[in-house]
Amino acid sequence: MEIIICPNEGRVGQVAAAKIAKIAAEVGPGVVLGVATGSSPLSTYDGLAKLLAAGKLDLSQASAFALDEYVGLADGHPESYREVIRRTVTEPLGLDPSRVHVPDGSLHGLASAGERYEKAIVAAGGVDVQILGIGTNGHVGFNEPTSSLSSRTRVKMLTQNTRQDNARFFASLDDVPRHCITQGLGTIMAARHVVLVATGEAKADAVGRLVEGPVTAMCPASVLQMHQFATIVVDEAAAGHLALADYYKQAFENLPAWQALDLA
Ligand code: F6R
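No experiment lies behind these values; they were computed from the predicted model shown.

Asks: Mind laying out the sheet that holds strand β2 (residues 32-35), listing which residues take part and the relevant values?
Replies: Reading across from one edge, β1-β10-β9-β6-β2-β3-β5 is the order of the 7 strands in this open sheet, with parallel pairing throughout. Taken across any chain shown, the strands that pair with only one partner, and hence form the sheet edges, are β1 (2-6) and β5 (100-101). Packed onto the sheet, helix α7 (residues 204-212) meets β1, β9 (193-198) and β10 (230-235) and runs at close to 150° relative to β10.

So this is what it looks like as structure tokens:
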């Protein structure tokens with residue numbers, strides 16, 4: 001696991017975008033991105049948009065797969081992840097909308113939606129780089145505590161903690177859906193690289209458990225300790241519980257040339 005501690009949120013986005021761009025350059029313009037919603041990856045999407053504008057990134061043939069979707073929101077609901085991904089990813093990064101996929105959270109066909117999504121990911125050749133945030137309870141995607149570490153895309157019930165965290169996007173807590181469809185932890189682990197971003201003190205406990213705690217379904221993100229190419233990019237506040245913070249900083253400052261990121 002590679003842990004990168006940055007002075008602020010803007011730098012988190014710049015570093016995460018540089019890491020994703022490095023992977024995309026190795027894969028080529030047909031790179032398959034895994035994309036997250038929520039506040040955490042917004043600075044990363046900004047960073048990617050800047051690299052595109054500077055001609056340092058080519059996403060002309062890229063595909064994208066969202067992590068998750070609420071169940072039962074009306075078509076076109078502004079907080080449906082289909083809409084959030086359109087506003088924050090597809091349009092700013094100029095992706096071809098026909099190559100951007102979001103799990104189907106409509107009630108019709110829900111029973112087969114997970115299997116269909118898994119097949120679509122396989123048909124695209126698998127995810128090259130998965131962008132992740134982390135919930136205050138350690139979830140990734142909407143894999144809440146006690147999710148199977150080898151789970152695949154399926155319907156889950158959101159915890160009250162997550163519904164409260166996400167109530168800021170809705171008129172009231174009652175409006176936050178109770179169910180979602182989410183890539184599983186096994187699905188996320190099948191991505192070739194993962195880049196998780198987290199900022200702010202509210203994430204410090206979850207980040208500490210993810211990086212330095214035991215691998216346990218009680219902190220679903222901790223499964224990333226088993227991933228061969230996982231990069232965790234956090235600001236100082238989110239790094240607040242990391243016992244080995246100095247070691248991670250020294251490691252990043254002394255990266256061998258072939259691993260260094262273009263942060264110009
Ligand atoms: C989003 C997702 C979630 C969020 C997490 C953090 O698609 O799957 O795991 O990444 O809830 O949300 P923010 O970034 O809003 O704190």
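Following the structure, the description resumes.
Asks: Quick rundown of the site of the ligand? Include the residues and the values.
Replies: By nearness alone, 15 residues border the ligand, and S40, D68, H139, G141 and K203 come closest of all. Between an oxygen atom of the ligand and a side-chain N or O atom of R168, the distance comes to 2.8 Å. Interatomic distance of 2.6 Å between a side-chain N/O atom of K203 and an oxygen atom of the ligand. Starting from 400 Å² of accessible surface for the ligand in isolation, the protein chains cover 93%. In terms of residue class, the shell around the ligand is made up of 4 nonpolar, 8 polar and 3 charged.

Asks: Before we move on, could you go through the nonpolar core and cite the residues and values that matter?
Replies: One finds V35, L196, V233 and L242 to be the most contacted residues of the largest nonpolar core, which totals 67 residues. It is helix α1 (residues 9-27) that contributes the most residues to this core, 9 residues altogether. Beyond its immediate stretch of four places on either side in the chain, V35 contacts Y45, A64, F65, A66, L67, I85, V89, Q130 and I131. In this structure, Y70, Y81, L158 and V176 belong to the second largest nonpolar core, which totals 9 residues.

Asks: How would you explain the sheet that holds strand β4 (residues 68-70) if you had to name every residue and give the values?
Replies: Spatially, the 3 strands line up as an open sheet ordered β4-β8-β7, and their pairing is antiparallel. Each of the sheet's edge strands pairs with one partner strand only, and the pair in question is β4 and β7 (154-157). Each strand of the sheet is rotated relative to its neighbour by a mean of 30°, with strand direction disregarded.

Asks: Quick rundown of the layout of surface pockets? Include the residues and the values.
Replies: Think of a ball as big as a water molecule: rolled over the atoms, this probe shows where empty space is left. The volume enclosed by the largest pocket comes to roughly 460 Å³. Surrounding the largest pocket, 24 residues form its lining, G38, S40, I134, G135 and K203 being those nearest its centre. In the lining of the largest pocket, the residues fall into 9 nonpolar, 11 polar and 4 charged. For the second largest pocket, the calculated volume is near 330 Å³. Lining the second largest pocket are 14 residues, with E2, K19, F229, T231 and Q259 sitting closest to its centre.

Asks: An account of the side chain of K203 is needed here, citing residue identities and associated values.
Replies: Topologically, K203 is positioned in the loop between β9 and α7. Beyond its immediate chain neighbours, meaning those up to four positions away, K203 contacts S40, I134, G135, T136, A198 and A238.

Asks: Requested: an account of the pairing of β9, with residues and values cited.
Replies: Burial within β9 is extensive, with 6 of its 6 residues counted as buried. Alternating positions in β9 separate into two faces, H193, V195 and V197 on one and V194, L196 and A198 on the other, with burial throughout. Sheet analysis places strand β6 (residues 129-132) next to β9, joined by 4 bridges and oriented parallel. Within β9, the residue paired with I131 across the bridge is V195. Two strands pair when backbone bridges link them, and β9 and β10 are joined in this way by 5 bridges, in the parallel orientation. Bridging from a neighbouring strand, A198 pairs with V234 of β10. Handedness of the crossover joining β9 and β10 through α7 is recorded here as right-handed.

Asks: I'd like a description of α7, backed by residues and values.
Replies: Every buried residue of α7 is accounted for by A204, A206, V207, G208, L210 and V211. Each element contacted by the buried residues of α7 is listed here: β1, β9, β10 and α8 (245-253).

Asks: Talk me through the pattern of salt bridges; I want residue IDs and the actual numbers.
Replies: Should their charged atoms come close, side chains of opposite charge can pair. By the definition in use, this model includes 10 salt bridges. Note that K19 is salt-bridged to E2, the shortest N-O span being 3.1 Å. Remark: E2 occurs in strand β1 and K19 occurs in helix α1; sequence separation between them is 17 residues. Here the two residues K19 and E2 agree in accessibility, since each one is buried. Here the salt bridges do not stand alone but share partners, grouping E83, R86 and E91 into one network.

Asks: For the pairing of β10, give the residues involved together with the corresponding values.
Replies: Taking burial as the measure, the 6 residues of β10 include 6 buried ones, the bulk of the element. Here β10 shows a buried face lined by A230, I232 and V234 and a second buried face lined by T231, V233 and D235. Sheet analysis places β1 next to β10, joined by 5 bridges and oriented parallel. Its bridge partner lying in β10, C6 is registered against D235.

Definitions and cut-offs
- Residues numbered from 1 in each chain as written.
- Predicted model: local features only at pLDDT ≥ 70, side-chain atom pairs only at ≥ 80, totals over all residues.
- Heavy atoms only, no water.
- Pairing = 2+ DSSP bridges.
- Helix = DSSP H or I, 4+ residues; strand = E, 2+ residues; numbered from the N terminus.
- Contact = heavy atoms within 4.5 Å.
- Axes fitted to C-alpha atoms, helices over the stretch in contact; angles between N-to-C directions.
- Near = heavy atom within 4 Å.
- Polar contact = N/O pair within 3.5 Å; in protein donor to acceptor, adjacent residues only side chain to side chain.
- Areas by Shrake-Rupley, 256 points an atom, 1.4 Å probe, with all protein chains shown as cover.
- Nonpolar A, V, L, I, M, F, W, Y, C, P; charged D, E, K, R; others polar.
- Core = buried A, V, L, I, M, F, W, Y, C linked by side-chain atoms within 4.5 Å.
- Buried < 20%, exposed > 50% of the residue type's maximum accessible area, 1.4 Å probe, protein only.
- 1 Å grid on protein atoms, 1.4 Å probe; cavity = no way out; pocket = protein on both sides within 12 Å on 5 of 7 lines; lining within 4 Å.
- Points joined across faces, edges and corners; volume = space filled by probe spheres on them.
- Right-handed = clockwise from strand over helix to strand, strands pointing away.
- Salt bridge = Lys/Arg side-chain N within 4 Å of Asp/Glu carboxyl O.

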